[in-house]
Amino acid sequence: MKPGMSFALRAFLLAALSVLLTVRAVANNDDTETLYKEHCASCHGADRLGGQGPALLPQNLKRLRKKKALRVIASGRAATQMPAFKETLNKDQIAALAEYVYTPLDHVPAWGAAQITGSHVVHKQELVEGNAKTAEPVYGADPLNVFLVVEAGDHHVTVLDGDNFEPIHRFKSRFALHGGPKYSSDGRFVYFASRDGWISKFDMYRLETVAEVRAGINTRNAAVSSDDRYVIVGNYLPHTLVILKASDLRLLKIIPVKDGEGNTSRVSAVYNAPPRSSFIAALKDIPEVWEISYDDDPPTGFSQPWVHDYRKDSGDAPKTEAFPVRRIKVKQHLDDFFFDQDYINLIGASRDGHAQVINLDARRAVADLDLQGMPHLGSGITWRSGETTVLATPNLKKGEITIIDTATWKTIKRLKTLGPGFFMRSHENSPYAWVDVFFGPNRDAMHVIDKETLEIVKTLRPEPGKTAAHVEFDRSGAHALVSIWDKKGALVVYDAKTLKEVKRLPMSKPSGKYNVYNKITYSAGTSH
Ligand code: DHE
C-alpha cells in the first residue's frame, strides 16, 4: 500500500482484491470441474464415485502420492484402461485435476444395510431355490460344457454351447462387468459382479436373471461359498466386505474392513477357498490378509470384535457370530494374488512387484519370490512338471513369463515374450499353456508354450492389428477360445492340439469367457 492512502481507500482496495481472488478461485474450480467432466467422468463417474475406473476420492488414494498421481494423469497407468493425457492437457490442467481428486467430497453417500436392502430385487421368486420343476436346462447342450462370454463392447453376455460353439442365448448385463462370474457348485446358477457394485444371479438352466442387489458403490469382485449358501463381495467403496444369501441375494452381513487402529481399507479381491470352508481377502491399504470362515463350526483363531452385526439393530440377533475373521499380518500390501491347488499357500504381490508366499495355516510369510516388474498373479496357473508343480505368471510390465518351482519357491525360468501379458491359461489335458501379449506393438500375438520344455512353440496372430487376449479351454481341453478384444471383435476357436482355427464368431469386445466344468472343478489351468 502506498503511504498516504486513506484508510477507506485501503479497505476498499483490499475488499476488491479479495473478491477478485474468490471469483478467480471459483472460476478455477469451475474450470477443473469442467475438465473433470470432459476427460475423467465417463470412466470414474460424474460424482467421482467410480464407474469403469475406480473411485477418485482421498480415502481411496491413500497409497498414491500426489506426485505419482500427476504422472498417472500425464502418462497413464500400466495394466489399466487409464490413458495418457499429456498430449491433451497442459501441466497446469493436470496439476489442477490431481488437486481436485484429492479434495474430499462434501458428502460421500453411505452404502450400508439400508441402501443395500433398498436395492435388492428378486426377479423370479420361483427360481430362487431352483426347485425340481425347473431343474432341466431349456436347451439340449451339455450344461457342464457351456461357456459364458462377457462382451464388454455392448455390456452383454453370450451363453455358448461348448460342443458346437453355437450361441444359445445372449442377454444384457449390468454396465461394466469385471472379473470372472462365479458358478454354483453344480453349475446351475452364476453370479456376476459389475464395477459399480451390482451382483446379479442368473439361472443357467432357465436363462433368466433370478435376483439382483447393489452391494457397494465401487466393487472389486465376488466369490461364492462351496456349499452354495453365501456370496461375498469385496468393495473399494465403501471399505466393506458384504455377505449375501446366495439363494436370493438378501443381505446377511456387512464387515467393515479396518485394522486394530481403525484405519480402513479397500479390498484387493476376495476368493473362495474350498478345502478351508472360508473366503480369503487381501486388502489394498492395510498389510493384512483376512480369512473369513463360513463354516457353521469355525476353527479356533477367528474373531470379529470390531464387526457390527446389523441384525442386532432389528432385534434379529444371530445365536452365534457368523462369518468370523482371522487376520494375517503381511510384509507388503497385496494387490494381486492366487492360491496353490490345496489352498494352503497364498501367492501374492504388491503393484511394485514385491511378491511373497503366505502359508494360511502357519499364518505367516514363508518365502519371498524372485519376481520383477508387475507380475499378474491373479492370472497365474499351475501344472505338474516332472516330480514337481510349477506356477507360471504373466507380467503386466515386462515381456516375460516367470515360472517358479512351488517345492522350493525358486524361479526356474524367465521366458521372454513379445510384450507384457494379461491372461494365461491351460488345461489338465493339454500339453500347452497359452498367454497373450496384451500391451505394445505385438498385442495381436498369442504365445503357445510347451509345458514340459517351457519354450514357446508357436505364436498365433488371430487378427493382425487387433488385440488378442484371454483364453479359456472347453471341458475336455480339446479346444481353446481366444478373444479379439475389439468392438468389432470375435471369438476364435482353436483346435488345442493342431493349433489350427476351427471357428470364428463375431462378438462385441469379448473380454473373458468361462467354461462351467473347468470353473466348478477348479481346474489348475484356469482362474478360480
Ligand atoms: Fe481385471 C479379473 C483386478 C484391469 C479384465 N481383475 C480381475 C480380478 C481382479 C482384477 C482382482 C479377479 C476377480 C475375480 O475374478 O474374482 N483388473 C484388476 C486390476 O487391479 C486392474 C489392473 C485395474 C483396474 O482397473 O481395476 C484390472 N481387468 C482390468 C482391465 O483393464 C481389463 C483388461 C478390462 C476390464 O474389464 O476392465 C480387465 N479382469 C479382467 C477380466 C478378468 C479380470 C476379463 C477375469 C479373468 C478370468 O479369467 O477370471
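Residues numbered from 1 in each chain as written. Predicted model: local features only at pLDDT ≥ 70, side-chain atom pairs only at ≥ 80, totals over all residues. Heavy atoms only, no water.

Peer 1: What am I meant to see in the site of the ligand here?
Peer 2: What surrounds the ligand is a group of 22 residues, the closest being Gln81, His178, Lys182, Arg220 and Ser527. The side chain of Arg220 places a nitrogen or oxygen atom 2.5 Å from an oxygen atom of the ligand. A distance of 2.6 Å is found between an oxygen atom of the ligand and a side-chain nitrogen or oxygen belonging to Arg425. Within the residue set of the shell around the ligand, elements represented by two or more residues are strand 9 (218-224), strand 13 (267-273) and strand 33 (510-515). If you tally residues by element for the shell around the ligand, the top one is strand 13, at three residues. Of the residues assigned to the shell around the ligand, the class counts are eight nonpolar, ten polar and four charged. (Near = heavy atom within 4 Å. Polar contact = N/O pair within 3.5 Å; in protein donor to acceptor, adjacent residues only side chain to side chain. Helix = DSSP H or I, 4+ residues; strand = E, 2+ residues; numbered from the N terminus. Nonpolar A, V, L, I, M, F, W, Y, C, P; charged D, E, K, R; others polar.)

Peer 1: Which parts of the structure should I look at to understand the domain arrangement of the protein?
Peer 2: One widely used convention gives an interface's size as the accessible area the parts lose upon coming together. Split into domains, the protein comes out as domain 1 (15-101), domain 2 (110-143 + 164-286 + 288-329) and domain 3 (373-528). Between domain 1 and domain 2, the buried area comes to about 1,000 Å², and carbon and sulfur atoms account for 52% of it. For the domain 1 face of the interface with domain 2, the top three residues by lost area are Gln52, Asn60 and Arg63, together amounting to 47%. In this structure, the connection of domain 1 to domain 2 is made through zero salt bridges. Scanning the region where domain 1 abuts domain 2 turns up seven residue pairs in polar contact (both at pLDDT 80 or more). Its residues placed into classes, the side of domain 1 that touches domain 2 shows four nonpolar, six polar and two charged. (Domains from an automatic or database assignment. Buried area = accessible area lost by both parts, 1.4 Å probe. Salt bridge = Lys/Arg side-chain N within 4 Å of Asp/Glu carboxyl O.)

Peer 1: Looking at this structure, how should I read the side chain of Asn145?
Peer 2: By the secondary structure assignment, Asn145 is in the loop between strand 1 (121-122) and strand 2 (146-151). In terms of polar contacts, Asn145 uses its side chain to reach the backbone amide nitrogen of Arg475, at 3.0 Å. Of the polar contacts made by the side chain of Asn145, one reaches the side chain of Asn515; its length is 3.0 Å. Leaving out residues up to four positions away in the same chain, Asn145 has contacts with Leu160, Asp161, Gly162, Asp163, Asp474, Arg475 and Asn515. (Contact = heavy atoms within 4.5 Å.)

Peer 1: Explain the packing of helix 3 (residues 66-75) against helix 4 (residues 91-101) to me, please; I cannot follow it from the model alone.
Peer 2: Packed helices, taken two at a time, are described by their axes: the angle between them and the distance between them. Between helix 3 and helix 4, the shortest axis-to-axis distance is 9 Å and the interhelical angle comes to 125°. Here helix 3 lies oblique to helix 4, going by the angle between them. For the crossing formed where helix 3 meets helix 4, the hand is right-handed. Contacts between helix 3 and helix 4 involve Lys66, Leu70, Ile73 and Ala74 on the former and, on the latter, Ile94, Ala95, Leu97, Ala98 and Glu99. Looking at side-chain class alone, the contact of helix 3 with helix 4 contains seven nonpolar, no polar and two charged residues. (Axes fitted to C-alpha atoms, helices over the stretch in contact; angles between N-to-C directions. Parallel < 35°, antiparallel > 145°, perpendicular 65-115°, else oblique. Left-handed = near helix turned anticlockwise from the far one by under 90°.)

Peer 1: Explain the packing of aromatic side chains here, please?
Peer 2: Any aromatic ring pair is given by two values, namely how distant the centres are and how the planes are angled relative to each other. Tallied over the full model, the rule gives 20 aromatic pairs. Relative to Phe192, the ring of Phe171 lies with its centre 6.1 Å away and its plane at 65°, an arrangement referred to as edge-to-face. Pair noted here: Phe171 is in strand 4 (residues 167-172) and Phe192 is in strand 6 (residues 189-193), with a separation of 21 residues, a long-range link. In this structure Phe171 comes out as buried when scored by relative accessible area, which is 11%. Here Phe192 falls in the buried class, since its relative accessible area comes to 4%. Through a chain of ring-to-ring contacts, three or more aromatic side chains come together here, namely Tyr271, Phe337, Phe339, Tyr343 and Tyr522. Over the ring of Phe189 we find Lys201; its NZ or CZ atom is 4.1 Å from the centre of that ring. For Arg475, the ring lying beneath its charged end belongs to Tyr517, and the centroid distance is 4.4 Å. (Phe/Tyr/Trp six-rings, centres within 6.5 Å; stacked < 30°, edge-to-face > 60°. Buried < 20%, exposed > 50% of the residue type's maximum accessible area, 1.4 Å probe, protein only. Lys NZ or Arg CZ within 6 Å of the ring centre and 35° of its normal.)

Peer 1: Hey, could you run me through the sheet that holds strand 31 (residues 489-495) in this one?
Peer 2: The pairing of strands in a sheet happens through backbone hydrogen bonds and is either parallel or antiparallel. What the four strands build is an open sheet, ordered 29-30-31-32; its pairing is antiparallel. The sheet is open, and its two edges are formed by strand 29 (468-473) and strand 32 (501-507), each paired on a single side. Each adjacent strand pair in this sheet contributes to an overall mean axis angle of 20°, direction not counted. Judged from the five bridges that link them, strand 29 and strand 30 (residues 479-484) form a sheet pairing that is antiparallel. Its bridge partner being in strand 30, Ala469 is matched across the sheet by Ser483. (Pairing = 2+ DSSP bridges.)

Peer 1: I'm lost on the pairing of strand 23 (residues 400-405) in this one. Help?
Peer 2: When a strand is regular, its side chains alternate between the sheet's two faces. Taking burial as the measure, the six residues of strand 23 include six buried ones, the bulk of the element. Side-chain alternation along strand 23 places Glu400, Thr402 and Ile404 on one buried face and Ile401, Ile403 and Asp405 on a second face that is also buried. Note that strand 22 (residues 388-393) and strand 23 share four bridges and pair antiparallel. Among the inter-strand pairings, Val390 is bridged to a residue of strand 23, identified as Asp405. In this structure, the hairpin formed by strand 22 and strand 23 is closed by a connection of six residues. Note: strand 23 against strand 24 (residues 410-416), six bridges, orientation antiparallel. Looking at strand 24, one finds that Thr402 is bridged to Arg414. Adjacent in sequence and paired antiparallel, strand 23 and strand 24 are bridged by four residues, among which Trp409 carries a positive phi angle near 60°.

Peer 1: Sorry if this is basic, but what is going on with the coordination of the iron atom of the ligand here?
Peer 2: Expected angles at a metal are 109.5 degrees for tetrahedral coordination by four donors and either 90 or 180 degrees for octahedral coordination by six donors. Of the protein atoms, His178 (NE2) alone serves as a donor to the iron atom of the ligand, at 2.2 Å. You can see His178 is positioned in the loop between strand 4 and strand 5 (182-183). (Donors = N, O, S within 2.8 Å, 3.2 Å for Na, K, Ca; no water.)

Peer 1: Is there a simple way to explain helix 3 in this structure?
Peer 2: The periodicity of an α-helix, 3.6 residues per turn, causes residues three or four positions apart to be oriented the same way. Residues of helix 3 that are buried: Ala69, Val72, Ile73 and Ala74. Taken together, the buried residues of helix 3 touch helix 4. Once helix 3 ends, the next one or two residues include Gly76, with phi positive near 85°.

Peer 1: Help me out: how do you make sense of a positive patch on the surface in this one?
Peer 2: Taken together, the side chains of Arg65, Lys67, Lys68, Arg71 and Lys397 present a region of like positive charge at the surface. Here Arg71 lies in helix 3. (Patch = residues over 30% accessible without salt bridge, like charges linked within 9 Å, V, L, I, M, F, W, Y side chains within 5 Å. Areas by Shrake-Rupley, 256 points an atom, 1.4 Å probe, with all protein chains shown as cover. Lys, Arg positive; Asp, Glu negative; His and termini not counted. Charge placed at Lys NZ, Arg CZ, Asp CG, Glu CD.)

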